[in-house]
Amino acid sequence: MANRKYIVGNWKMNGMREQLSDIKEIAEIAGQNNQVDVAICPPATLIAQAADNNPDFMIGAQDCHFAAKGAHTGCLSADMIREAGAIMTILGHSERRADQHETDAEIKAKAEAVHAAGLGAIICVGETEEERDAGQAVDIVCGQLEGSFPDKAEAAWLTIAYEPVWAIGTGRVPEASDVEEMHAAIRNKLGKLMGDGADAVRILYGGSMNGGNASELLAVPNVDGGLVGGASLTAEKFGPIIEAAAAA
Ligand code: 13P
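Quick summary incoming for the structure in this document. Only a predicted model underlies this, so the values are computations on that prediction, with no experimental measurement involved.

Where helix α1 (residues 20-32) contacts helix α10 (residues 235-247), the axes come no closer than 10 Å and their chain directions differ by 20°. By the angle between their directions, the pair α1 and α10 is classed as roughly parallel. Where α1 crosses over α10, the handedness of that crossing is right-handed. Across from Glu-25, Ile-26 and Ile-29 in α1, the residues of α10 making contact are Ala-235, Phe-238, Gly-239, Ile-242 and Glu-243. Classifying every residue of the contact of α1 with α10 by side-chain character gives five nonpolar, one polar and two charged.

Now the structure itself:
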């Protein structure tokens, strides 16, 4: 049976209080398409207000620390983001793997901390253009998945997002056949890592998804939703993606 589609907006380092109205509009569209799970991950500064303003809508975070508390200046724990109102967090986004030098082992520890706090996790994996050109994409992505895979993983709280680094923010999207190949490889790897529960783990595609290409991407086998950056910032752009998922 096909998994329920999951459409997640990653606002990255975008959004001031003024943009809380965009979240409200997006939450309204999500409410009208309730056969799809929809979430927005705003910057941490907006989590509490976004969650308070939209009690029936899922708000997530973009990262958290693996430690429960302590001397980690500038960081937030899983309990902190949960208390602010997040119900899940993105982990291991390629921008954090590159800018903050996050390792697979750290991402695994973060996912376990997130689960212990009662939150969901979206673990991101994806190859660079050089890796794809060298024919290594599947090996790189499956290696990232294995290295960052948390103990005691269950579909109830774990989601995987495949985001080819070269497709993020570029307007370039892989061929549907390449997305199909990668998502099948991820599904297969999940089967090896966790057995029977693997089929229910949602695998999102991310990288230049928009209202024009969402239907095609969401129709690819094993694509259970999308992780959307730029096109999630307004209801005008994000709404058509939610509607495409509802029709998929
Ligand atoms: P874009 O949709 O802007 O390409 O970003 C994708 C992404 O990185 C979501 O996490």
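Across residues other than glycine, the phi torsion is negative in most instances, and most of the peptide bonds are trans. Although it is not a glycine, His-101 adopts a positive phi angle of roughly 55°. Relative to the helices and strands, His-101 is located in the loop between α4 (94-99) and α5 (104-116). With a phi close to 70°, Asn-222 is a non-glycine residue in the positive phi region. Take Asn-222: it is sitting in the loop between α9 (214-218) and β8 (225-228). Using a relative accessible area of 27% as the deciding quantity, one classes Asn-222 as partly exposed.

Around the ligand, the structure places 13 residues, and the nearest of them are Lys-12, His-93, Gly-169, Ser-208 and Gly-229. One of the side-chain nitrogen or oxygen atoms of His-93 is found 2.8 Å away from an oxygen atom of the ligand. A total of 310 Å² of accessible area belongs to the ligand in isolation, and the protein chains cover 95% of it. When grouped by side-chain class, the residues that make up the shell around the ligand number four nonpolar, seven polar and two charged.

Counting residues in each nonpolar core, the largest one holds 64 residues, and the members touching the most others are Ile-7, Phe-57, Ile-160, Ile-186, Leu-190 and Phe-238. Contacts of Ile-186, omitting those with residues within four sequence positions, involve Val-125, Val-141, Leu-145, Ile-160, Tyr-162 and Ile-203. With eleven residues, the next largest nonpolar core counts Tyr-6, Ala-39, Ile-90 and Leu-204 among its residues.

With that settled, consider helix α8 (residues 176-194). Its 19 residues give α8 an end-to-end C-alpha distance of 26 Å, which sits within 8% of 27 Å, the value for a rise of 1.5 Å per residue. Every buried residue of α8 is listed here: Val-179, Met-182, His-183, Ala-185, Ile-186, Arg-187, Lys-189 and Leu-190. As for α8, its buried residues are in contact with β5 (120-125), α6 (129-133), α7 (137-148), β6 (158-162), β7 (202-206) and α9. Phi for Gly-195, located one or two positions after α8, is positive at around 75°.

Moving on, we come to α7. Under the 1.5 Å per step criterion, the end-to-end length of α7 is 17 Å for twelve residues, consistent within 8% with the ideal 16 Å. Ala-137, Val-141, Cys-142, Gln-144, Leu-145 and Ser-148 are the residues of α7 that are buried. Seen along its axis, α7 keeps its buried residues to an arc of 155°; they face one direction. Among the structural elements, α4, α5, β5, α6, β6 and α8 are those in contact with the buried residues of α7.

Turning to the pattern of salt bridges, a few remarks are in order. Evaluated as defined, the whole model comprises 16 salt bridges. For Asp-104, the salt bridge identified is with Arg-97, shortest N-O distance 2.6 Å. Its relative accessible area of 22% is what places Asp-104 among the partly exposed residues. One network of salt bridges, with partners in common, ties together Asp-63, Arg-96, Glu-102 and Lys-110.

With that settled, the discussion passes to the packing of aromatic side chains. Taken as a whole, this structure holds one aromatic pair when the rule is applied. On the numbers, 6.3 Å between centres and 65° between planes, the contact of Tyr-162 with Tyr-205 is edge-to-face. Of the two residues, Tyr-162 sits in strand β6 while Tyr-205 sits in strand β7, which places them 43 residues apart along the sequence. Taken as a pair, Tyr-162 and Tyr-205 share a single burial class, namely buried.

Rules behind the numbers
- Residues numbered from 1 in each chain as written.
- Predicted model: local features only at pLDDT ≥ 70, side-chain atom pairs only at ≥ 80, totals over all residues.
- Heavy atoms only, no water.
- Axes fitted to C-alpha atoms, helices over the stretch in contact; angles between N-to-C directions.
- Helix = DSSP H or I, 4+ residues; strand = E, 2+ residues; numbered from the N terminus.
- Parallel < 35°, antiparallel > 145°, perpendicular 65-115°, else oblique.
- Left-handed = near helix turned anticlockwise from the far one by under 90°.
- Contact = heavy atoms within 4.5 Å.
- Nonpolar A, V, L, I, M, F, W, Y, C, P; charged D, E, K, R; others polar.
- Buried < 20%, exposed > 50% of the residue type's maximum accessible area, 1.4 Å probe, protein only.
- Near = heavy atom within 4 Å.
- Polar contact = N/O pair within 3.5 Å; in protein donor to acceptor, adjacent residues only side chain to side chain.
- Areas by Shrake-Rupley, 256 points an atom, 1.4 Å probe, with all protein chains shown as cover.
- Core = buried A, V, L, I, M, F, W, Y, C linked by side-chain atoms within 4.5 Å.
- Expected span 1.5 Å × (residues − 1).
- Arc of directions from axis to C-beta.
- Salt bridge = Lys/Arg side-chain N within 4 Å of Asp/Glu carboxyl O.
- Phe/Tyr/Trp six-rings, centres within 6.5 Å; stacked < 30°, edge-to-face > 60°.

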